[in-house]
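Architecture at a glance
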Amino acid sequence: MTFFVPYAQAKVNSFCSLKMDGQRWLPLEANPDVMNQFLRQLGLLPTWQFGDVYGLDPELLSIVPRPVCAVLLLFPVTEKYESFRLDEEKKIQSDGQQVSPDVYFMRQTIGNACGTIGLIHAVANNQERLEFESDSPLKKFLLQSSKLSPDEKAVFLEKDESIRVTHESSAQEGQTEAPSVDEKVDLHFIAFVNVGGHLYELDGRKPFPIVHGKTTEDTFLEDATKVCKQFMARDPQELRFTVVALSKA
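Counting starts from 1 at the beginning of each chain's written sequence and moves along it residue by residue. Predicted model: local features are reported for residues with pLDDT of at least 70 only, side-chain atom pairs are reported and counted for 80 or more only, and whole-chain, interface and lining totals are derived from all residues. Working from all heavy atoms in the structure, the side-chain values ignore hydrogens and water.

Starting at the N terminus, helices and strands are each numbered in turn, a helix being any DSSP run of H or I of at least four residues and a strand any DSSP run of E of at least two. The number of helices and strands found in the chain is eight helices and six strands. The rule is simple: take the accessible area with a 1.4 Å probe, protein chains only, and divide by the maximum for that residue type; under 20% is buried, over 50% is exposed, in between is partly exposed. For the chain, the proportion of its 249 residues judged to be buried stands at 52%. Contacts in the chain between residues far apart in sequence, at least 24 positions, make up 76% of those at least 6 positions apart. Pairs of residues are marked as contacts when any of their non-hydrogen atoms sit within 4.5 Å.

Laid out in structure tokens, this is it:
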């Protein structure tokens, strides 16, 4: 059985950090309460909420509130994963893939910002479901950046003070002490979303979204967690995986 320790009981630091030149933020904790507070401060109304996924087997997935519109995975960046990532990128560049123009995707250029970018990906690709305050800084960011390229979106985020300040505040709110800005942490956030009936993996370290086949609103959680299992299978000795789901409250 694939089972995750509830976050409150976990004794590991679930953060995101990868080597990036330029700006570095404090790592964001993989804690649904922190994520919900972060989004609330940026003007997202709490009609949908992030919650823990305690395991990837059917009986544990069955207790996750439905519908689910996004899944975030925190995973360790290991040598095995990096080798896979580079091979995957070469294969897609050779074979091609069809990505909907409706997918909102951005690159990551800020160190330790993968948690925030994962949340942006989750929200940006579900705007028709979610509700925002009229003066929401996050909604403003999404509207102003929607037509930009993935690299241009990354630069736009670098200049957005509202999101940066909120990230820094949220990074201090977790159950474990945040590491320093410069401390090496080899964990990374990515998001899974359903756009136009296709399952997309959105990872700001990659040059493009990854298409994982068809999905539906009813099967999205199961389809996304199947891909999460593939991440776990690549590193069977690793235990540092966390999955959270954005569900209707």
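Below, the discussion takes up the packing of aromatic side chains. Stacked, edge-to-face and tilted are the three classes for Phe, Tyr and Trp ring pairs, Trp counted by its six-membered ring, which pair at centre distances within 6.5 Å; planes under 30 degrees apart are stacked, over 60 edge-to-face, the rest tilted. Per the counting criterion, the structure on display carries five aromatic pairs. Where Phe75 meets Tyr81, the ring centres are 4.8 Å apart and the plane angle is 65°; that geometry is what we call edge-to-face. Looking at Tyr81, the relative accessible area reads 1%, which means it is buried. Site record: aromatic cluster; members linked through ring pairs are Phe75, Tyr81, Phe84 and Phe231. The rule for a charge over a ring is simple: NZ of Lys or CZ of Arg within 6 Å of the ring centre, and within 35 degrees of the ring normal. Note that Arg234 overlies the ring of Phe84, its terminal NZ or CZ placed 3.7 Å from the centroid. Above the face of the Phe231 ring, Arg234 is positioned so that its terminal group lies 4.6 Å from the ring centre.

Our focus in this paragraph is the environment of Val68. Within the secondary structure, Val68 is located in strand S2 (residues 68-76). Linking Val68 and Ser247, residues 179 residues apart in sequence, is a C-alpha distance of 4.4 Å. When neighbours within four sequence positions are excluded, Val68 is seen to be in contact with Trp48, Phe220, Leu221, Ala245, Leu246 and Ser247.

Pairing in this open sheet of six strands is antiparallel, and the strands run S1-S6-S2-S3-S4-S5 from one edge to the other. Pairing within the sheet leaves two strands with one partner each, and these edge strands are strand S1 (48-52) and strand S5 (210-214). If you compare each strand with its neighbour and ignore which way they point, the axes differ by 20° on average. With seven bridges connecting them, S2 and strand S3 (residues 187-195) associate as antiparallel partners. One bridge is not enough; two strands pair if DSSP finds at least two bridges between them. Comment: axis = line fitted to C-alpha atoms, over the contacting stretch for helices; angle = value between 0 and 180 degrees taken between N-to-C directions.

Pairing between side chains of opposite charge can happen when the charged atoms of each approach one another. Salt bridge, as applied in this entry: a Lys or Arg side-chain nitrogen positioned within 4 Å of an Asp or Glu carboxyl oxygen. Applying the stated rule across the entire model yields 13 salt bridges. Residue Glu217 is joined to Arg129 by a salt bridge in which the shortest nitrogen-to-oxygen separation is 3.2 Å. In this pair, Glu217 sits in the loop between S5 and helix H8 (220-234) while Arg129 sits in the loop between helix H4 (114-124) and helix H5 (137-145), placing the two residues 88 residues apart along the sequence. Because the salt bridges share partners, they merge into one network encompassing Glu82, Arg85 and Arg205.

Listing the buried residues of helix H6 (residues 150-158) in full gives Lys153, Ala154 and Leu157. Along the axis of H6, the buried residues cluster in a sector spanning 105°; they form a single face. Where H6 is buried, its residues meet H4, H5 and helix H7 (161-171). Working definition: the arc comes from the directions between the helix axis and the C-beta atoms, pointing outward to the latter.

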